[in-house]
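One letter stands for each residue in the lines below.
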Amino acid sequence: MTVKFYKYQGTGNDFIMIDNREGLLDRNHPELVRLLCDRRFGIGGDGLIYFQNKSGYDFEMVYFNSDGNESSMCGNGGRCLIRFVKDLGLISSQCRFLAIDGDHNGEILADGDVVLQMMDVPTIESFQNDFVLNTGSPHYVRFVEDVRKLNLVEEARKVRYSPRFEKEGINVNFVTRRSDQEIYVRTYERGVEDETLSCGTGVVASAIAFAVSTIPSLSQIQVETPGGLLSVKLQKAEAGYRNIFLQGPAKKVFEGSVEV
């Protein structure tokens, strides 16, 4: 069977998009996802996303990590999917869709940036002077003096495969403060099991941890990643944070077809 695919990226976090509204592909072929995401023998990508119909919503997002497993929420993937569906001519500037962590609202701004509303984060755990929180995916956040000089994969795997997190896995973020409203973030992603150029849920987790540790009432934080710039808007709640929005670019790279 020949399947049409589209490749999108958001600050270097890249995804294979497949229009699966007819349900030709099911969710139980991890070997196929692994092959398509392989950068040498397949299309290449940090993940793969099915765009599907869902009653009561504009669409449904089904996300797979490059290891082939259906995974938790992906912020940059969600933003890229919004752009993809817009490029198909199926939405205007706003949408509402369902992902594994619940409802999401999205918007494409006049300048082309894509904004994704993330889930509320009521709980931020302090753990060995670091932070553990769930922003749609589980994240570990550690502040360091200069993240650019860090052997990130080596240090992240010490956390990722530690007794507490080894079984379920966790994404690991290392963060350096740039100013009162700006941070630099590098992320190791579970499922990819390597550093990615950007991670949307990781950027949100890092921004929340930064607010908690500096000025809890911060309403906007600029975040630089190796793949580019993102912005996080958030509102302090009685417990944690709400009205959280991730904003940044999302662009089509190429399209093609593949035999599966």
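Preceding this paragraph is the structure being described.
Here we summarise the structure given alongside this text. (Residues numbered from 1 in each chain as written. Predicted model: local features only at pLDDT ≥ 70, side-chain atom pairs only at ≥ 80, totals over all residues. Heavy atoms only, no water.)

The next subject is the overall build of the chain. Helix and strand content of the chain: four helices and 17 strands. Against the 2.2 N^0.38 benchmark of 18 Å for 260 residues, the chain shows a C-alpha radius of gyration of 17 Å, consistent with a compact globule. The C-alpha extent of the chain, read off along each of the three principal axes, is 50 × 35 × 25 Å. Counting all 260 residues of the chain, 53% fall into the buried class. Sequence-distant contacts in the chain: of pairs separated by 6 or more residues, those separated by 24 or more amount to 61%. Surface accessibility of the chain: about 11,600 Å² in total, with carbon and sulfur atoms responsible for 45%. Positive and negative side-chain charges in the chain, numbering 29 and 36 respectively, have mean positions lying 2 Å apart. (Helix = DSSP H or I, 4+ residues; strand = E, 2+ residues; numbered from the N terminus. Rg over C-alpha atoms; globule rule 2.2 N^0.38 Å. Buried < 20%, exposed > 50% of the residue type's maximum accessible area, 1.4 Å probe, protein only. Contact = heavy atoms within 4.5 Å. Areas by Shrake-Rupley, 256 points an atom, 1.4 Å probe, with all protein chains shown as cover. Lys, Arg positive; Asp, Glu negative; His and termini not counted. Charge placed at Lys NZ, Arg CZ, Asp CG, Glu CD.)

Turning to the pattern of salt bridges, a few remarks are in order. Evaluated as defined, the whole model comprises 19 salt bridges. The closest approach of N and O atoms between Lys 158 and Glu 155, which form a salt bridge, is 3.0 Å. Of this pair, Lys 158 and Glu 155 both sit in helix 3 (residues 152-160), three residues apart, which is roughly one turn of the helix. By relative accessible area, which is 51% here, Lys 158 ends up exposed. One network of salt bridges, in which partners are shared, links Lys 7, Asp 14, Arg 39 and Asp 46. (Salt bridge = Lys/Arg side-chain N within 4 Å of Asp/Glu carboxyl O.)

Glancing now at helix 4 (residues 200-213). Over its 14 residues, helix 4 extends 20 Å from the first C-alpha to the last, a length consistent with the 20 Å expected when each residue adds 1.5 Å. For helix 4, a buried count of twelve out of 14 residues is recorded, marking the element as mostly surrounded by other parts of the structure. Listed in full, the buried residues belonging to helix 4 are Gly 200, Thr 201, Gly 202, Val 203, Val 204, Ala 205, Ser 206, Ala 207, Ile 208, Ala 209, Phe 210 and Ala 211. (Expected span 1.5 Å × (residues − 1).)

For strand 4 (residues 59-65), a buried count of seven out of seven residues is recorded, marking the element as mostly surrounded by other parts of the structure. Neither face of strand 4 is left uncovered, since the one carrying Phe 59, Met 61, Tyr 63 and Asn 65 and the one carrying Glu 60, Val 62 and Phe 64 both have all their residues buried. In this antiparallel pair of consecutive strands, strand 3 (residues 47-52) and strand 4, the connection spans six residues, and Gly 56 shows a positive phi of 90°. Here two bridges tie strand 4 to strand 5 (residues 94-99), and the two strands are oriented parallel to one another. Of the residues in strand 5, the one forming a bridge with Phe 59 is Phe 97. (Pairing = 2+ DSSP bridges.)

The next subject is the environment of Asn 69. With respect to the helices and strands, the residue Asn 69 is situated in the loop between strand 4 and helix 2 (75-87). Once residues within four sequence positions are removed from consideration, Asn 69 is found in contact with Tyr 63 and Phe 64.

Below, the discussion takes up a nonpolar patch on the surface. On the surface, Met 1, Leu 24 and Val 260 cluster together into a nonpolar patch covering about 280 Å² of accessible area. The exposure class of Met 1 is partly exposed, given its relative accessible area of 45%. (Patch = residues over 30% accessible without salt bridge, like charges linked within 9 Å, V, L, I, M, F, W, Y side chains within 5 Å.)

Next up on the list: the side chain of Asp 46. Among the secondary structure elements, Asp 46 is positioned in the loop between helix 1 (30-37) and strand 3. At 2.8 Å, the side chain of Asp 46 and the side chain of Asn 13 are in polar contact. At 3.0 Å, the side chain of Asp 46 forms a polar contact with the side chain of Arg 39. With sequence-adjacent residues up to four places away left out, Asp 46 is seen in contact with Gly 12, Asn 13, Asp 14, Arg 39, Tyr 63, Asn 65, Ser 66, Val 192 and Thr 196. (Polar contact = N/O pair within 3.5 Å; in protein donor to acceptor, adjacent residues only side chain to side chain.)

Within this structure, the stated rule accounts for 13 aromatic pairs. Between the aromatic rings of Phe 5 and Phe 254, the centroid separation amounts to 6.0 Å while the plane-to-plane angle is 90°, which identifies the pairing as edge-to-face. With Phe 5 in strand 1 (residues 2-10) and Phe 254 in strand 17 (residues 251-259), this pair connects stretches of sequence that are 249 residues apart. Geometrically, the ring pair formed by Tyr 50 and Phe 64 is edge-to-face, given 5.1 Å between the ring centres and 65° between the ring planes. Remark: Phe 64 occurs in strand 4 and Tyr 50 occurs in strand 3; sequence separation between them is 14 residues. When its relative accessible area of 2% is taken as the criterion, Phe 64 is described as buried. One aromatic cluster in this structure is built from Tyr 6, Tyr 8, Phe 51, Phe 59, Phe 84 and Phe 97. For Arg 164, the ring lying beneath its charged end belongs to Phe 127, and the centroid distance is 4.7 Å. The side chain of Lys 236 reaches across the aromatic face of Tyr 241, ending 5.3 Å from its centre. (Phe/Tyr/Trp six-rings, centres within 6.5 Å; stacked < 30°, edge-to-face > 60°. Lys NZ or Arg CZ within 6 Å of the ring centre and 35° of its normal.)

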